Amino acid sequence: MSSTNSTKFLDLFNNVDEYKQAMCAKVVDVIRTSNRLGMENFDRIMTIESCHDKINQLSERILHRIYQMKSHIQSSDWDQLDSDEKLEQLVDINDTLFERIASALDDADGLKQSSVSTVVRQVVIKPQLKFKHKIDNSTQIPFIPKIRNKPHAQIPLPMFMTQMNFESIDLDLLEKHPEILDHPYVNEITSFEPDEIVLKLGELHFPKTIEQTKCLFVDTIDTLKTMMDHIEIQSELAIDLEHHSYRSYQGFTCLMQISSRTEDFLIDTLAIRDELSILNNVFTNPKVLKVFHGADWDVEWLQKDFGIYIVNMFDTHQAGKELNLPTLSLAYLLKTYCNIDASKQYQLADWRLRPLPKEYCRYAQEDTHYLLYIYDRLRNQLIESNKNNTEFLRSVYSKSKIICLRLYKKPIFDENTYKTLYLKAHKTNFNGSQLAALKLLYAWRDKIAREEDESTSYVLPDLLLIHLAELLPKDPQGIRACCKLVPELVEKNLEEIHRLLMQAIEKPLVDLNDVKSNFDECLQNTRSISSSNKHISTES
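Residues numbered from 1 in each chain as written. Predicted model: local features only at pLDDT ≥ 70, side-chain atom pairs only at ≥ 80, totals over all residues. Heavy atoms only, no water.

A. Here's a closer look at the overall build of the protein. From N to C terminus, the protein includes 25 helices and 6 strands. Of all 540 residues assigned to the protein, the portion counted as buried reaches 46%. When contacts within the protein are restricted to residue pairs at least 6 apart in sequence, those whose partners lie at least 24 apart make up 72%. (Helix = DSSP H or I, 4+ residues; strand = E, 2+ residues; numbered from the N terminus. Buried < 20%, exposed > 50% of the residue type's maximum accessible area, 1.4 Å probe, protein only. Contact = heavy atoms within 4.5 Å.)

Set out below in structure tokens:
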């Protein structure tokens, strides 16, 4: 390493984190590109001789690389494996490599900048530990809407809901008044119709650059009031959220972005989480248009975290669908309509970090800064593409209303969903003890995730869960040996996991025909879920 670059990581990057972000951007790009090549398109492309030859050559190169790593593959009969089995082995190799890469990068990070690493570890203490109202992941109590005040109401909120206590939910009251769980703005959303003025062609004014635009970071009551004074007099706003789900069972919103035509706001939703219900004054105002991109999850997160609902929304993702655009991502819209190359490296960022790095703030601001202009372009295009008829535009508003009617519900646990995981892992030959272990570990993982407020992936990744059920290690040390890196909560609960594995060996699932009779149905559900997840990952 040259003396001039002695402080650089791999001679190219300022630090290990910059390298991680750059590599993540490349991985996201590869996934996006591959997802755009659907199986139907692939089959059609393979009929073109030149493409067929190139793809086969590439396949051979990939298979050659896999063969070179054959020592890492459990099966010694690689040539005898079918495509699904080879894919399964490849996934296993990738997981192993990524685990090793992550471990090596952590080591490098500690060597290169131990002081910085210490700071990062300090700031990423679980924010939910400081929430005023404790997160309830229990299965006994459903999600109770947080709304206690209903602005712009056609039908007022029931008096008993305005007085409900967040901390202790009276189950008798819930049984007596099941309407508590209903969407409080159903009437307001369903009766909403866009004003005629927004159904006409509009003038286009490209926004000022981000550097030329005032941006306020909102993390106190005073800055919240300053923002409210501004957005309450606007007729249209662009909105987006940044969410975290890996170190939480239900996930939580870390940042909210709001843009008007002249100003941008970044709201620290961790710092002023309990004050944000005031946004209902604007978000449920039918006279203020709220523009989102791909709002399906945003609508539910707003309800879950802040008791916020949306009336009068235009979803640019739905507009892209209506126009049959080739790609529905925000990055595509930014490039097509604004000639902005959206940064990809912060899509996988940890938005819990405080203080937020400047690069994160820039990325977040960019998500909404141009969105109102994109809305202008899409609105005009929807009208012009239908010979100045408003049918397409009204369709987008109708589909956006359906999204606004989405209702957040807690994740439920179905003891039979382990079968879906089994099928996704392309396993078909587990015996009764292995299936029993899979079922028991699957239930244990969900229980621990709820208790510790962690994602199930953090507690016990799918691949490792399958691996433990398949190998059925006979002692705690054997459990450790199954893990390339032992997850924190696996180490903490080794004895419990060992007990469950012994129980599976002693009491296997007896009627395997009964167990496997529902697998076709599970497989169909798996395909539906996979299709839905692909839709979300490629178009968000």
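B. Up close: helix 16 (residues 391-404). For helix 16, with 14 residues, the first-to-last C-alpha span of 20 Å sits near the 20 Å given by 1.5 Å per residue. Inspection of helix 16 places L393, S395, V396, Y397, S400, K401, I403 and C404 among the buried residues, and these make up the whole buried set. Next to the buried residues of helix 16 lie helix 8 (186-190), strand 5 (289-292), helix 11 (296-306), strand 6 (313-315), helix 12 (316-322) and helix 15 (371-384). (Expected span 1.5 Å × (residues − 1).)

C. Spotlight on the nonpolar core. By size, the foremost hydrophobic cluster in this structure holds 71 residues, and its most contacted members are M227, M256, I258, L279, F283 and F314. Per-element tally for this core: the top contributor is helix 15, with 8 residues. Beyond its immediate sequence surroundings of up to four residues, M256 is in contact with I239, D240, L241, F265, L266, I267, T269, L279, F283, L302 and F306. Counting 35 residues, the second-largest nonpolar core is a separate cluster that includes I448, L464, A469 and L494. (Core = buried A, V, L, I, M, F, W, Y, C linked by side-chain atoms within 4.5 Å.)

D. Broad picture of the pattern of salt bridges. The final tally for this structure, using the stated rule, is 25 salt bridges. When the shortest N-O distance is used, the salt bridge between R352 and D350 registers 2.7 Å. Take R352: its relative accessible area is 6%, and that puts it in the buried class. A relative accessible area of 21% means that D350 is categorised as partly exposed. (Salt bridge = Lys/Arg side-chain N within 4 Å of Asp/Glu carboxyl O.)

E. Highlighting the side chain of H293. Along the polypeptide, H293 turns up in the loop between strand 5 and helix 11. Here L328 takes part through its backbone oxygen, which lies 3.1 Å from a polar atom of the side chain of H293. (Polar contact = N/O pair within 3.5 Å; in protein donor to acceptor, adjacent residues only side chain to side chain.)

F. Structural context of the sheet that holds strand 5. Read from one edge of the open sheet, 6 strands run 1-4-3-2-5-6, paired in mixed fashion. Each edge of the open sheet carries a strand with a single partner, namely strand 1 (214-218) and strand 6. Sheet twist, expressed as the average angle between the axes of neighbouring strands with direction ignored, equals 25°. Pairing geometry for strand 2 (residues 236-244) and strand 3 (residues 252-259), over 7 bridges, is antiparallel. What sits directly across from L241, in strand 3, is M256. With respect to the sheet, helix 14 (residues 358-369) is in contact with strand 1, strand 2, strand 3 and strand 4 (263-268), its orientation differing from that of strand 3 by roughly 55°. Seen against the sheet, helix 15 touches strand 2, strand 3, strand 5 and strand 6 and runs at an angle of roughly 120° to strand 2. (Pairing = 2+ DSSP bridges. Axes fitted to C-alpha atoms, helices over the stretch in contact; angles between N-to-C directions.)

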